Amino acid sequence: MFGSRGLCCSRIWNRSLFLKRSSNFRASFSTKRVGTHNGTFHCDEALACFILRRSNRFSDAQIVRTRDHQVLEKLDAALDVGGVYDPQSERYDHHQKGFSEVFGLGFNTKLSSAGLVYKHYGLEIISKELQLEQRHPDVFRLFLAVYKNFIEAVDALDNGIHQYDTDQPPRYVNNTSLGHRIGRLNLDWIEPDQSSAKEDEAFHRAMELAGSEFLECVHFHAKSWLPARSIVMECLAKRYDIDSSGEIMKLSKQCPWKLHIFELEEEMKIDPPIKYVLYQDDRSENWRIQAVSVSPERFESRKALPLAWRGLEKEKLSEESSIPRCVFVHMSGFIGANQTYEGALAMARASLMA
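Rules used throughout
- Residues numbered from 1 in each chain as written.
- Predicted model: local features only at pLDDT ≥ 70, side-chain atom pairs only at ≥ 80, totals over all residues.
- Heavy atoms only, no water.
- Helix = DSSP H or I, 4+ residues; strand = E, 2+ residues; numbered from the N terminus.
- Contact = heavy atoms within 4.5 Å.
- Lys, Arg positive; Asp, Glu negative; His and termini not counted.
- Charge placed at Lys NZ, Arg CZ, Asp CG, Glu CD.
- Buried < 20%, exposed > 50% of the residue type's maximum accessible area, 1.4 Å probe, protein only.
- Arc of directions from axis to C-beta.
- Salt bridge = Lys/Arg side-chain N within 4 Å of Asp/Glu carboxyl O.
- Core = buried A, V, L, I, M, F, W, Y, C linked by side-chain atoms within 4.5 Å.
- Axes fitted to C-alpha atoms, helices over the stretch in contact; angles between N-to-C directions.
- Parallel < 35°, antiparallel > 145°, perpendicular 65-115°, else oblique.
- Left-handed = near helix turned anticlockwise from the far one by under 90°.
- Nonpolar A, V, L, I, M, F, W, Y, C, P; charged D, E, K, R; others polar.
- Pairing = 2+ DSSP bridges.

Q: Could you give me a rundown of the overall build of the protein chain, with the residues and numbers involved?
A: Of the regular secondary structure elements, the protein chain holds eleven helices and 13 strands. Taken along its principal axes, the extent of the C-alpha atoms in the protein chain is 80 × 45 × 40 Å. Across the protein chain, the fraction of contacts at a sequence separation of at least 24, relative to all contacts at a separation of at least 6, is 64%. Between the averaged position of the 46 positive side-chain charges in the protein chain and that of its 48 negative side-chain charges there is a distance of 3 Å.

Q: Before we move on, can you summarise helix H10 (residues 314-321) with the specific residues and values?
A: Three or more residues of H10 are buried, namely Leu317, Ser318 and Ser321. Buried residues of H10 fall within an arc of 100 degrees about the axis and therefore sit on the same side. Exposed side chains of H10 directed beyond 90 degrees from the buried face belong to Glu315, Lys316 and Glu319. Where H10 is buried, its residues contact strand S12 (326-329).

Q: Explain the pattern of salt bridges to me, and be specific about the residues and the numbers.
A: All chains considered together, the criterion is met by 18 salt bridges. Asp76 serves as the salt-bridge partner of Lys32, at 4.0 Å between the closest nitrogen and oxygen. Of this pair, Lys32 sits in the loop between helix H1 (25-30) and strand S2 (33-36) while Asp76 is found in the loop between helix H3 (69-72) and strand S4 (77-79), placing the two residues 44 residues apart along the sequence. When its relative accessible area of 28% is taken as the criterion, Lys32 is described as partly exposed.

Q: A description of the nonpolar core should follow, citing residues and the corresponding values.
A: Counting residues in each nonpolar core, the largest one holds 51 residues, and the members touching the most others are Leu47, Tyr118, Ile126, Val146, Ile151 and Phe214. Sorting the residues of this core by element identifies helix H2 (43-53), S4, helix H4 (113-130), helix H5 (137-158), helix H6 (178-183) and helix H7 (196-237) as the ones contributing at least two each. Not counting residues up to four positions away in its chain, the partners in contact with Phe214 are Leu47, Phe50, Ile51, Tyr118, Ile125, Val146, Phe150 and Ile151.

Q: Explain the packing of H7 against helix H9 (residues 258-267) residue by residue, including any values.
A: Relative to each other, H7 and H9 sit at 55 degrees, their axes nearing to 10 Å. Here H7 lies oblique to H9, going by the angle between them. The element H7 and its partner H9 pack so that their crossing is right-handed. Note on element contacts: H9 touches H7 through Leu259, His260, Ile261, Glu263, Leu264 and Glu267, opposite Trp225, Ala228, Arg229, Val232, Met233 and Leu236. Broken down by class, the residue content of the contact of H7 with H9 amounts to eight nonpolar, one polar and three charged.

Q: How would you summarise the packing of H2 against H4 if you had to cite specific residues and measurements?
A: Packed helices, taken two at a time, are described by their axes: the angle between them and the distance between them. Running from amino to carboxyl end, H2 crosses H4 at an angle of 20 degrees, the nearest separation of the two axes being 9 Å. The angle between H2 and H4 places the two elements in the roughly parallel class. Judged by the twist between their axes, the crossing of H2 over H4 is left-handed. Facing H2, whose interface residues are Asp44, Glu45, Leu47, Ala48, Ile51 and Leu52, H4 presents Ser113, Ala114, Val117, Tyr118, Tyr121 and Ile125. Broken down by class, the residue content of the contact of H2 with H4 amounts to nine nonpolar, one polar and two charged.

Q: Give me the sheet that holds strand S10 (residues 276-280): which residues, what numbers.
A: Pairing within the open sheet is mixed, and its five strands lie in the order S9-S10-S11-S13-S12. Single-partner strands in this sheet number two, and they are strand S9 (248-250) and S12. The sheet shows a mean angle of 20 degrees between the axes of neighbouring strands, taken without regard to direction.

Q: Can you tell me about unusual backbone geometry, naming the residues and giving the values?
A: Across residues other than glycine, the phi torsion is negative in most instances, and most of the peptide bonds are trans. A cis geometry characterises the amide bond from Asp271 onward to Pro272, with omega recorded as 5 degrees. Counting through the fold element by element, Pro272 comes out in the loop between H9 and S10. Of note, Gln131 is a non-glycine position whose phi angle comes to about 55 degrees, a positive value. Within the fold, Gln131 resides in the loop between H4 and H5. The exposed category is assigned to Gln131, whose relative accessible area is 72%. At Lys269, a position not held by glycine, the phi torsion is positive, near 55 degrees. Considering the arrangement of structural elements, one finds Lys269 in the loop between H9 and S10.

In structure tokens form, the structure reads like this:
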């Protein structure tokens, strides 16, 4: 799976790219050293190295790239190399026979080195980024969300797990993923300088790329995802104040709600499920009525707006629906609008009865 270039060569890297001899021997000797394999690198170990170096224990640790077991045994940690998974000795490899570790907590994807390091250090990293205690419930929520929306894909791709169960060939090629972009940072065969130093420099760029996207994911979930989740949870709790059916939700503030609604329905044991969400359009001040889809990945609605309304606008739609001040209904019936909240609510109630 890994390249063979420089198999016996050990290399050390730090943030300035290369370990320089320190005039202070004690300071240099006390620095933690983390090992990963040399040769061709992949997304999982680049990300694992970045995450581990964000921890207190391995803050800015030197990276030693080698497959020499005698060297690895003397290091403070080893990632994606060595054939051992043992968090007590800070060994995080996943290639050995019989390895079957998963993240747990409802996730069953086999872990890569990235998932292994995140499993043991993710809570600490997220609590530091949020400046909250690890015991804070938001830290644990984000710990799960970042695994689900970022780390798990890295684990799956590195372990050769397909996203869909199908024997059909893909309809298109997608080389835009983080894994593909990191793969392209490896030295090209036409590169005249194939030295160890040049390879380490490329691995440094891979770490920075993987790490920057990891932190972007953490910050997005902290600043956007989590507040939206709180809004949707509050609105779901008030659904019977909107309509006695409990199948219509009114957003108190426009926010990304589509993913949250499925997770929260399950968590809050909501039955019957929400059919329509009402929210005000910030641009036009009209009120939208949107049918909830059957799942996050599907466009099909749980209950689309009535067939007779679809494709109609304004007066024609108001006449057909007997609801004043209608604006439009999409041809597929997944969304519509009214100039007023009362009108949008009337459209939702009529659609439930249709």
